[in-house]
Amino acid sequence: MAKTPIKTASSPAPKPAAPPSGTTLASNRKASYEYEIVERYEAGVVLSGTEIKSIRAGKADIGDAYVRLDAGEGRLIGMHIAEWPGAARQNHEPKRVRRLLRHKSEIIAIGTKVKTKGLTLIPLRLYLSRGRCKVEIGLGRGKKAFDKRAALAYRAGRRQADRQPSDRKRGEEFRSY
């Protein structure tokens, strides 16, 4: 008969499980409303230890962030990562500029598209990939007000069409007034 280990008061508390790979930790939902996304790219983010802990705890916001390319480097500006409560003096600055990891030739190619076509680089989502923090960047063109209204009308119509078969199952008829 196998003995079960006895837990004592000095046993360390179990660590909370890290989010699984591919989990979206933060997303920029406003980006798809404000911009028409033409292309998507993946880039790594240079982070400190307290920053990655806060991100894994879900304390990151990329809603107001944007990407700037200069001198063959990509920089993520405006991303907010909350301070880690356990790090007193070694904590990070919440809104510091963070460097993106892409090959220099790829950054230059993206930069030419931004300059020639008048597009913008927007972070779309922050996620983990094999334990590393990645950001999905979208090359976007700003929408006009009528484009936004048309997109909202299209989504409302699609929602109504998706709901229609379920209404018939309940015996209700779809009425368009």
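Everything discussed here concerns the structure shown above.
Keep in mind the model is a prediction, meaning the values are calculated, not measured. (Residues numbered from 1 in each chain as written. Predicted model: local features only at pLDDT ≥ 70, side-chain atom pairs only at ≥ 80, totals over all residues. Heavy atoms only, no water.)

### Examining the overall build of the chain
Along the backbone of the chain there are four helices and nine strands. Its helices and strands in sequence order give the chain the pattern β-α-β-α-β-β-β-β-β-α-β-β-α, from N to C terminus. Taken over 177 residues, the chain has a buried fraction of 28%. Nonlocal contacts in the chain, meaning residues at least 24 apart in sequence, comprise 66% of its contacts between residues at least 6 apart. Carbon and sulfur atoms form 52% of the exposed surface of the chain, whose accessible area is close to 12400 Å². (Helix = DSSP H or I, 4+ residues; strand = E, 2+ residues; numbered from the N terminus. Buried < 20%, exposed > 50% of the residue type's maximum accessible area, 1.4 Å probe, protein only. Contact = heavy atoms within 4.5 Å. Areas by Shrake-Rupley, 256 points an atom, 1.4 Å probe, with all protein chains shown as cover.)

### A few points about the nonpolar core
Among the nonpolar cores identified, the biggest contains 24 residues, and Ile55, Met79, Leu100, Leu126, Val135 and Ile137 are the most heavily contacted of them. Looking at this core, the elements that each hand over two or more residues are strand E1 (24–27), strand E2 (35–45), helix H2 (49–56), strand E8 (120–129) and strand E9 (132–142). Setting aside chain neighbours within four positions, we find Met79 in contact with Asp61, Ile62, Ala65, Pro94, Lys95, Arg98 and Leu126. (Core = buried A, V, L, I, M, F, W, Y, C linked by side-chain atoms within 4.5 Å.)

### Thoughts on the packing of aromatic side chains
Per the stated rule, a full pass over the model turns up zero aromatic pairs. Taking the ring centre of Tyr127 as reference, the NZ or CZ of Arg125 above it sits at 4.1 Å. (Phe/Tyr/Trp six-rings, centres within 6.5 Å; stacked < 30°, edge-to-face > 60°. Lys NZ or Arg CZ within 6 Å of the ring centre and 35° of its normal.)

### Topic: a positive patch on the surface
The grouping of Arg155, Arg158, Arg159 and Arg163 at the surface amounts to a positive patch. Inspection of the secondary structure puts Arg155 in helix H4 (residues 145–169). (Patch = residues over 30% accessible without salt bridge, like charges linked within 9 Å, V, L, I, M, F, W, Y side chains within 5 Å. Salt bridge = Lys/Arg side-chain N within 4 Å of Asp/Glu carboxyl O. Lys, Arg positive; Asp, Glu negative; His and termini not counted. Charge placed at Lys NZ, Arg CZ, Asp CG, Glu CD.)

### Concerning the sheet that holds strand E5 (residues 73–77)
One open sheet holds the seven strands; their spatial order is E1-E8-E9-E2-E7-E5-E4, and the pairing between them is antiparallel. On the outer flanks of this sheet lie E1 and strand E4 (66–70), each paired with one strand and no other. Across the sheet, the mean angle from the axis of one strand to that of its neighbour is 40°, orientation sign disregarded. As paired elements, E5 and strand E7 (residues 98–101) share three bridges and run antiparallel to each other. By the bridge assignment, Arg75 is partnered in E7 with Arg99. Helix-sheet contacts for H2 involve E1, E7, E8 and E9, and the interaxial angle to E8 is about 85°. (Pairing = 2+ DSSP bridges. Axes fitted to C-alpha atoms, helices over the stretch in contact; angles between N-to-C directions.)

### Structural notes on the pairing of E9
Counted residue by residue, E9 has eight buried out of 11 residues, so it is predominantly covered. As defined by bridge partners, E2 adjoins E9 across nine bridges and the pair is classed as antiparallel. When the bridges of E9 are listed, Ile37 appears paired with Gly140. Linking E8 to E9, which pair antiparallel, is a turn of two residues; within it Arg130 sits at a positive phi near 50°.

### A few points about the pattern of salt bridges
Two side chains bearing opposite charge may form a pair once their charged atoms approach each other closely. Overall, the coordinates contain 10 salt bridges when judged by the stated rule. Glu73 is the salt-bridge partner of Arg99, the closest N and O atoms lying 3.4 Å from each other. Linking Arg99 in strand E7 with Glu73 in strand E5, this pair joins segments that are 26 residues apart in sequence. Arg99 sits in the partly exposed class, given a relative accessible area of 35%. Judged by relative accessible area, which is 25%, Glu73 ranks as partly exposed. Each of Arg40, Arg125 and Glu136 takes part in a single network of salt bridges with overlapping partners.

### Some points on H2
When we look at burial in H2, the residues that qualify are Thr50, Glu51, Ile52, Ser54 and Ile55. Just beyond H2, the residue with positive phi is Gly58, at close to 85°.

### Description of unusual backbone geometry
Although it is not a glycine, Ala71 adopts a positive phi angle of roughly 55°. With respect to the helices and strands, the residue Ala71 is situated in the loop between E4 and E5. We note that Arg130 has phi near 50°; this positive angle belongs to a residue other than glycine. For Arg130, the location among the structural elements is in the loop between E8 and E9.

In short, the description is geometric, and any link to function would need to be established separately.
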